[in-house]
Amino acid sequence: MTSPIPVLTIDGPSGAGKGTVSRMVASRLGWHYLDSGALYRAVGVAASWANLDLSDSAALVRCAFDTTVTFREQAGAEMRVIVNGVDATDELRLETTGAVASAIAAIPEVRSALKERQRAFRVAPGLVADGRDMGTVIFPDAPYKVFLTASAEERAERRYKQLKDKGVSVTIDGLLREILARDARDAQRTVAPLRPAEDAVLIDTTGLAIDAVVQRVLALVPTPVA
Ligand code: DC
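Note that the structure is a prediction, hence the values are computed from the model and not measured.

1. Focus: the site of the ligand
The environment of the ligand is formed by 16 residues, the closest being R41, R111, R132, R182 and R189. The contact in question runs from a nitrogen atom of the ligand to an N or O atom on the side chain of S36, over 3.0 Å. Considering the ligand on its own, with 440 Å² of exposed area, one finds that the protein chains cover 94% of that surface. Where the shell around the ligand is concerned, the elements lending two or more residues are α2 (36-49), α5 (95-104) and α9 (172-188). By residue number, the principal contributor to the shell around the ligand is α2, which donates four residues. Along the lines of polarity and charge, the residues of the shell around the ligand split into four nonpolar, four polar and eight charged.

If you want it as structure tokens, here you go:
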């Protein structure tokens, strides 16, 4: 019997360090990487381009089915995300896009529309899947599951530094309010709310350096015998 392709799920609230940790772990393991948040963000961007009303669920569901998203890996440079043929990488990262994505992600049919697309990333030799419901809904049979958290204050501070480095002007208080609002929306929605899978290992990254978190996550995955 062939064993299923292994998946390591890394879920948690925004700003817990999932993206950086997942990318580093995937690169160390030589596995593929799924940034599921980018799919929701891509649908959000496509919906904005089409001037869709955020209260028009039917149109948003159609948009989720119709939007094409491709991830373009580049050696030594950050991955580009192409939405409906247009490089939307920079727009995808905006706080406003995150807020739209979070609203759209609360629509059950949007989540269903993206389900199989996410599962298609499960390709040998393995997958690191980063999101909110990777361990609970998309890959419930994943053998390795992590839930990353960090205090809201630390997450706001990390986001502040990232945005400041990019020359974006924001305040920590404003970011903290946005983070708390997004956490509440992601955790309280009825479908696939943000919560750790029962079999997930919880890692609180408050005060931990990225490398330390990466080591803890890697320790969960047995090294293949050559
Ligand atoms: O991880 P992120 O910040 O890029 O995600 C943006 C939004 O998308 C997030 O607020 C909630 C939603 N999302 C989700 O509902 N499920 C996922 N697996 C990933 C993201």
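So much for the structure itself; the text now carries on.
2. Some thoughts on helix α8 (residues 152-165)
Residues that lie three or four places apart on an α-helix share one face, since the helix turns once every 3.6 residues. Taking 1.5 Å of rise per residue, the 14 residues of α8 would be expected to cover 20 Å, and the 20 Å separating its terminal C-alpha atoms lies within 8% of that figure. Where α8 is concerned, the buried positions are A152, R155, A156, R159 and L163. Projected down its long axis, α8 carries its buried residues within an arc of 100 degrees, all on one side. Opposite the packed face of α8, turned more than 90 degrees from it, sit the exposed residues K161, K164 and D165.

3. Here we look at the pairing of strand β7 (residues 144-149)
With five of six residues buried, β7 lies mostly within the body of the structure. In this structure, strand β1 (residues 7-11) lies alongside β7, joined through four bridges in parallel fashion. In the strand pairing of β7, I10 is matched with V146. As defined by bridge partners, β7 adjoins strand β8 (residues 201-204) across four bridges and the pair is classed as parallel. Bridge pairing in β8 places T149 opposite D204.

4. Thoughts on unusual backbone geometry
Leaving glycine aside, a negative phi is the common case for residues, and trans is the common case for peptide bonds. The step from A124 to P125 runs through a cis peptide bond, and the omega angle for that step is 10 degrees. Inspection of the secondary structure puts P125 in the loop between α6 (108-119) and β6 (127-131). A positive phi angle is found at N51, which is not glycine, with a value near 55 degrees. For N51, a relative accessible area of 69% translates into the label exposed. Phi angles above zero are rare outside glycine, and N84 is one such case at about 45 degrees. When its relative accessible area of 38% is taken as the criterion, N84 is described as partly exposed.

What counts and how
Residues numbered from 1 in each chain as written. Predicted model: local features only at pLDDT ≥ 70, side-chain atom pairs only at ≥ 80, totals over all residues. Heavy atoms only, no water. Near = heavy atom within 4 Å. Polar contact = N/O pair within 3.5 Å; in protein donor to acceptor, adjacent residues only side chain to side chain. Areas by Shrake-Rupley, 256 points an atom, 1.4 Å probe, with all protein chains shown as cover. Helix = DSSP H or I, 4+ residues; strand = E, 2+ residues; numbered from the N terminus. Nonpolar A, V, L, I, M, F, W, Y, C, P; charged D, E, K, R; others polar. Expected span 1.5 Å × (residues − 1). Buried < 20%, exposed > 50% of the residue type's maximum accessible area, 1.4 Å probe, protein only. Arc of directions from axis to C-beta. Pairing = 2+ DSSP bridges.

None of this, on its own, says anything about what the molecule does.
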